[in-house]
Amino acid sequence: MGVEVRFWRRTVTGGGEGGRGRGVVPMGGGNAQKSAKSRERNLAKAAAEGKGSQLDSKAKAMTIQCKVCMAQFLSTTNEAGLKQHAENKHPKKAYNECFP
Ligand SMILES: [Zn+2]
């Protein structure tokens, strides 16, 4: 009888240890995932910084401003687009009054 009880306890404790061992493996994988995530974060930061610089350059490119309604246009906007704005928004104003 005693032997059977000991054997039964061993199986129980062994199962518990096995459960702990299983818990350790995912933690190791979690650390690896953390390092991978940190790399992804660094890439995301670099990408965000790149986008920010692009936004800044775009903001700097907004140099053409309508003097009548203060609407801003990209410096790359062609004259036809500016004329269209002047004709549509300010039909009574001359093109030179909007964009001197
Ligand atoms: Zn305007």
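Here the structure is shown first, and the text comes after it.
So, here is what we can say about the structure in this document. (Residues numbered from 1 in each chain as written. Predicted model: local features only at pLDDT ≥ 70, side-chain atom pairs only at ≥ 80, totals over all residues.)

Notes on unusual backbone geometry
- The phi angle at M70 is positive, at roughly 65°, despite the residue not being glycine.
- Relative to the assigned elements, M70 resides in the loop between β1 (64-65) and β2 (72-73).
- A count of 7 C-beta atoms within 10 Å places M70 in the exposed class. (Helix = DSSP H or I, 4+ residues; strand = E, 2+ residues; numbered from the N terminus. Buried ≥ 20, exposed ≤ 12 C-beta atoms within 10 Å, placed from the backbone.)

Considering the environment of I64
- Relative to the elements of secondary structure, I64 occurs in strand β1.
- Remark: the alpha-carbon pair of I64 and T77, spanning 13 residues in sequence, is separated by 8.3 Å.
- With residues near it in sequence (within four places) discarded, I64 still touches Q72, F73, S75, T77, L82 and F99. (Contact = placed C-beta atoms within 7 Å.)

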